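This is what each chain is made of:
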Amino acid sequence: MRRPPAQQSIRPRVMHQDPHAVHEQIALELWNAKNERKAIPSISARYPEFTALDAYAIQRTFRTLEYKNGAVHAGYKIGATSVSIQEMFGVDQPDFGFLTEGMLLADGACLDPAWFISPKVEGEIAFRIGADLSDPRTTAADVLKVTTEVHPALEVLDSRIKNWDIAWVDTVADNASSAMAVLGEAVPFDGRDLAAETMVFESGDCVQTANGSAVMGHPAESVACLVRILASFGAGISAGDLVMSGSLAAAADLGPGAVVRASFESLGSVSLSTSSN
């Protein structure tokens, strides 16, 4: 399966003191980094005064660039929802990013390592949401009421920040370090206990086992948390959106010639591979 060719770079503006102009410049740096596969220096190191509002403002500008260049909205991802991921990346709270149709691949996809800078992969449960959700009081039960189907899923992460030298601000600005998602066959949601769902995650010699409860106690709580965060920006999840609910176990490096599989107790399995260089 081939990814569309990289888009042409856009020359960033010279930085000004105006916050909007600074946000725009960094978003352009990240957008060019994604398309050229060349990482940029840490944002948090250059702008230690940046807050969550700055980080999400950069992400929104990055998203606008994507949409202006033909990307089509597909949903959202929420990240840093399990202890294993928070410890791995040195962050202490969830974040979110957006998904586009071009980021979604089918089960068994073969990826070219040249598409990425320094990729990693995670095993997750993805939710298909059947009704709008935007209430700041949204609960996991509310999410489950409108979930139409779930997918076994693999999320490919890639940081546009050099050497994964990231703080929370960096990953938020960088679209939550998201690159692609590989989706297994959809399973109609029938009320099954996703917190008790067991996943075996295999990447090379590394085998990890985890339950859905590793994601904030229940993967639907993760989605509800996303709704509450989006509501603080006057936004929400729309009917039809796909939501990646967060990794159940630690992420694995994704190098050339890799084969990765996540096998779930009742949801089936999903796999990807990478070509050898």
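Residues numbered from 1 in each chain as written. Predicted model: local features only at pLDDT ≥ 70, side-chain atom pairs only at ≥ 80, totals over all residues. Heavy atoms only, no water.

Participant: How should I be thinking about the confidence of the model for the chain in this particular structure?
Facilitator: Close inspection of predicted coordinates is inappropriate for parts of the model with low pLDDT. Residues with a pLDDT of 70 or more make up 89% of the chain, whose mean pLDDT is 90. Long-range and interchain partners of residues 1–6, a stretch whose pLDDT sits below 50, account for 12 contacts in this model, where long-range means more than four residues apart. Ignoring residues within four places in sequence, the model shows residues 8–16, a span with pLDDT below 50, making 21 contacts including any to other chains. (pLDDT = per-residue confidence, 0-100. Contact = heavy atoms within 4.5 Å.)

Participant: Explain the pattern of salt bridges here, please?
Facilitator: Pairing between side chains of opposite charge can happen when their charged atoms approach one another. Following the criterion strictly, the structure yields 9 salt bridges and no others. A salt bridge links Asp 253 to Lys 120; the shortest N-O distance between them is 2.6 Å. Taken as a pair, Asp 253 in strand β12 (residues 252–253) and Lys 120 in strand β5 (residues 119–129) lie far apart in primary sequence, 133 residues in all. Its relative accessible area of 55% is what places Asp 253 among the exposed residues. Take Lys 120: its relative accessible area is 11%, and that puts it in the buried class. Note that Arg 228 is salt-bridged to Glu 221, the shortest N-O span being 2.6 Å. A relative accessible area of 29% places Arg 228 in the partly exposed class. (Salt bridge = Lys/Arg side-chain N within 4 Å of Asp/Glu carboxyl O. Helix = DSSP H or I, 4+ residues; strand = E, 2+ residues; numbered from the N terminus. Buried < 20%, exposed > 50% of the residue type's maximum accessible area, 1.4 Å probe, protein only.)

Participant: In this structure, what is going on with the sheet that holds strand β4 (residues 109–111)? I would like to understand it.
Facilitator: What the 5 strands build is an open sheet, ordered β4-β14-β13-β9-β10; its pairing is mixed. On the outer flanks of this sheet lie β4 and β10 (206–211), each paired with one strand and no other. Neighbour-to-neighbour, the strand axes of this sheet turn through a mean angle of 15°, independent of strand direction. (Pairing = 2+ DSSP bridges. Axes fitted to C-alpha atoms, helices over the stretch in contact; angles between N-to-C directions.)

Participant: Which parts of the structure should I look at to understand the packing of aromatic side chains?
Facilitator: Across all of its chains, the model carries 9 aromatic pairs by this definition. Ring centres 6.0 Å apart and planes at 80° place the aromatic pair Tyr 56 and Trp 168 in the edge-to-face group. Linking Tyr 56 in helix α3 (residues 52–68) with Trp 168 in helix α6 (residues 168–173), this pair joins segments that are 112 residues apart in sequence. Residue classification places Tyr 56 among the buried positions, given a relative accessible area of 4%. Measuring from ring centre to ring centre gives 6.2 Å for Trp 115 and Phe 116, while their planes differ by 65°; the resulting arrangement is edge-to-face. For the pair Trp 115 and Phe 116, a shared accessibility class is recorded, and that class is buried. (Phe/Tyr/Trp six-rings, centres within 6.5 Å; stacked < 30°, edge-to-face > 60°.)

Participant: So what exactly am I meant to see when it comes to the pairing of β5 here?
Facilitator: For a regular strand, the rule is simple: side chains alternate between the two faces of the sheet. A large share of β5 lies buried, amounting to 10 of its 11 residues. Of the pairings in the sheet, the one linking β5 to strand β6 (residues 147–158) comprises 11 bridges and is antiparallel in character. Residue pairing for β6: Gly 123 is matched across the bridge by Leu 154. Pairing geometry for β5 and β12, over 2 bridges, is antiparallel. Its bridge partner being in β12, Lys 120 is matched across the sheet by Asp 253. Note that β5 and strand β11 (residues 242–247) share 4 bridges and pair antiparallel. Opposite Glu 124, over in β11, you have Ser 247 as the bridge partner.

Participant: Any chance you could explain the packing of helix α1 (residues 19–36) against α3 here in plain terms?
Facilitator: When two helices pack together, their arrangement is captured by the angle between the axes and the distance separating the axes. At a minimum axis distance of 8 Å, the contact between α1 and α3 shows a crossing angle of 55°. When the interaxial angle is binned, α1 and α3 end up oblique. Once α1 is placed against α3, the crossing between them reads as right-handed. Where α1 abuts α3, its residues His 23, Glu 24, Ile 26, Ala 27, Leu 28, Leu 30, Trp 31 and Lys 34 lie against Asp 54, Ala 57, Ile 58, Thr 61, Phe 62, Leu 65 and Glu 66. Within the contact of α1 with α3, the residues separate by chemical class into 9 nonpolar, 2 polar and 4 charged. (Parallel < 35°, antiparallel > 145°, perpendicular 65-115°, else oblique. Left-handed = near helix turned anticlockwise from the far one by under 90°. Nonpolar A, V, L, I, M, F, W, Y, C, P; charged D, E, K, R; others polar.)

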